[in-house]
Amino acid sequence: MNFLEERIVKDGIIKPGNVLKVDSFLNHQMDIDLLEEIGREFKRRFAGKNINKVMTIEASGIGIAAFVAREFHVPMVFAKKSKSINIEGEMYVAEVESFTHKNKNQVIVSKKFLGPGDHVLIIDDFLANGCALQGLVSIAESSGATVEGLGIVIEKGFQIGGKVIRNLGYQLESLAIVDAMDPDAGTVTFRPQ
Ligand code: 5GP
């Protein structure tokens, strides 16, 4: 097991509905030493890539992406969830359905912060059905930027998102891939990497 898998076994909580709660160390209270290690691991996995921007989606991607961007010494930009509709023109827009909240949000990135010269690494905390990542890919592509890769902290391998993104031809790196979770036994099975 790698450092993240060990932490998931120690502190992750399996909830009904295929939800893994990691809010004691990743997306409510954040373990900063763990985030630093996550940042270093993504730097290692994407070391050969010419990355000049890290991109994520609010809210839980932001803390993680900040540590990744620090390793690459590049800016980080996050897609904002927005309710306003009259924003086209200055903004790239995508529609994203939330896995955890079951609602749809428009997410936006200002045209000031993303464009054809950019080579982006997309980062998020979880990958489930892939809606969040597809929204970020769509924003990056409509800006003319190049997607150099996608980094996920925890991929739920029994949901479709990983397959969809890999089939699109992108380099997708997940630090832990959960292939099964048993809420009754409290056990998690990881895909060997
Ligand atoms: P997707 O768009 O791939 O269906 O879902 C990814 C998004 O939903 C992530 O940004 C994450 O915030 C949230 N998410 C999906 N599954 C889980 C989960 O098992 N636990 C937590 N904490 N968040 C999840």
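Throughout what follows, the structure given in this document is the object of discussion.

### Things to note about the pairing of strand S5 (residues 91-97)
Phase 1: Along S5, the buried face is formed by Tyr 92, Ala 94 and Val 96; none of Met 91, Val 93, Glu 95 and Glu 97, which line the opposite face, is buried.
Phase 2: Two strands pair when backbone bridges link them, and S5 and strand S6 (residues 104-110) are joined in this way by seven bridges, in the antiparallel orientation. Residue pairing for S6: Ala 94 is matched across the bridge by Val 107.
Phase 3: Joining the antiparallel neighbours S5 and S6 is a turn of six residues, in which Lys 102 adopts a positive phi near 60 degrees.

### Notes on the environment of Ala 66
Phase 1: Mapped onto the elements, Ala 66 comes out in helix H3 (residues 60-72).
Phase 2: For the pair Ala 66 and Leu 35, spaced 31 residues apart in sequence, the C-alpha to C-alpha distance is 9.2 Å.

### As for unusual backbone geometry
Phase 1: With an omega of 0 degrees, the peptide bond running from Glu 58 to Ala 59 counts as cis.
Phase 2: Within the secondary structure layout, Ala 59 lies in the loop between strand S3 (53-57) and H3.
Phase 3: Of note, the phi angle at Asn 18 is positive, near 60 degrees, even though the residue is not glycine.
Phase 4: Mapping Asn 18 onto the fold places it in the loop between strand S1 (13-15) and strand S2 (19-21).
Phase 5: For Lys 102, which is not a glycine, the phi torsion comes out positive at approximately 60 degrees.
Phase 6: If you trace the backbone, Lys 102 turns up in the loop between S5 and S6.

### Some details on helix H1 (residues 3-11)
Phase 1: Of the positions making up H1, those classed as buried are Leu 4, Glu 5, Arg 7 and Ile 8. Taken around the axis of H1, the buried residues stretch over an arc of 160 degrees, which confines them to a single face.
Phase 2: Of the residues that open H1, the one with a side-chain oxygen 3.0 Å from the backbone nitrogen of Leu 4 is Asn 2.

What counts and what doesn't
Residues numbered from 1 in each chain as written. Predicted model: local features only at pLDDT ≥ 70, side-chain atom pairs only at ≥ 80, totals over all residues. Heavy atoms only, no water. Buried < 20%, exposed > 50% of the residue type's maximum accessible area, 1.4 Å probe, protein only. Helix = DSSP H or I, 4+ residues; strand = E, 2+ residues; numbered from the N terminus. Pairing = 2+ DSSP bridges. Arc of directions from axis to C-beta. Polar contact = N/O pair within 3.5 Å; in protein donor to acceptor, adjacent residues only side chain to side chain.

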